[in-house]
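Residue-level structure breakdown
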Amino acid sequence: EKFDTVYNLFILVIIGLMLSIVFDDVLMIFKDFLGFEKLSNMIFLIGFVCLGLIVLSLSMKVSVQSEKIIKLTQEIALIKKKEEKNDKITEVDGI
């Protein structure tokens, strides 16, 4: 079964955090390169970006699910209408 993009993002963040604990000099280099005064500010920004990506991914999934629900509802309505029409035809033939 395919992994979900949200789970992939979580795994990447966890691996990134584990690597940043081991190689904290790399984070300091990125902090200086990006112009942050404190490392905590950069980590908060990374966290907010990750949360934003997760929200975007989940909202896309909700949109797809909503479209599927609308399509299924329409199909059910058509099936019920066809059944009612068949019931009326059998009633007329039976009398």
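Residues numbered from 1 in each chain as written. Predicted model: local features only at pLDDT ≥ 70, side-chain atom pairs only at ≥ 80, totals over all residues. Heavy atoms only, no water.

Structural notes on the overall build of the protein chain
Looking only at helices and strands, one finds 3 helices and 0 strands in the protein chain. When the helices and strands of the protein chain are placed in sequence order, the string is α-α-α. The C-alpha radius of gyration computed for the protein chain amounts to 27 Å, which surpasses the reference 12 Å derived for 95 residues by more than 25%, pointing to a less compact arrangement than a globule. Projected onto its principal axes, the C-alpha positions of the protein chain cover 90 × 25 × 15 Å. Residues counted as buried form 9% of the 95 residues belonging to the protein chain. About 8700 Å² of surface is accessible on the protein chain, with carbon and sulfur atoms providing 70% of the total. Here the protein chain contributes 11 positive and 13 negative side-chain charges, whose respective centroids are spaced 6 Å apart. (Helix = DSSP H or I, 4+ residues; strand = E, 2+ residues; numbered from the N terminus. Rg over C-alpha atoms; globule rule 2.2 N^0.38 Å. Buried < 20%, exposed > 50% of the residue type's maximum accessible area, 1.4 Å probe, protein only. Areas by Shrake-Rupley, 256 points an atom, 1.4 Å probe, with all protein chains shown as cover. Lys, Arg positive; Asp, Glu negative; His and termini not counted. Charge placed at Lys NZ, Arg CZ, Asp CG, Glu CD.)

Some details on the layout of surface pockets
When its volume is computed, the largest pocket comes out at roughly 410 Å³. Forming the walls of the largest pocket are 19 residues, and the residues nearest its centre are Val13, Gly16, Leu17, Ser20 and Ile46. Of all the secondary-structure elements, those providing two or more residues to the lining of the largest pocket are helix H1 (5-22), helix H2 (24-34) and helix H3 (39-94). Looking at which element gives the most residues to the lining of the largest pocket, the answer is H1, with 8 residues. (1 Å grid on protein atoms, 1.4 Å probe; cavity = no way out; pocket = protein on both sides within 12 Å on 5 of 7 lines; lining within 4 Å. Points joined across faces, edges and corners; volume = space filled by probe spheres on them.)

Side note on a negative patch on the surface
Residues Glu83, Glu84, Asp87 and Glu91 make up a contiguous surface patch of negative charge. Within the secondary structure, Asp87 is located in helix H3. (Patch = residues over 30% accessible without salt bridge, like charges linked within 9 Å, V, L, I, M, F, W, Y side chains within 5 Å. Salt bridge = Lys/Arg side-chain N within 4 Å of Asp/Glu carboxyl O.)

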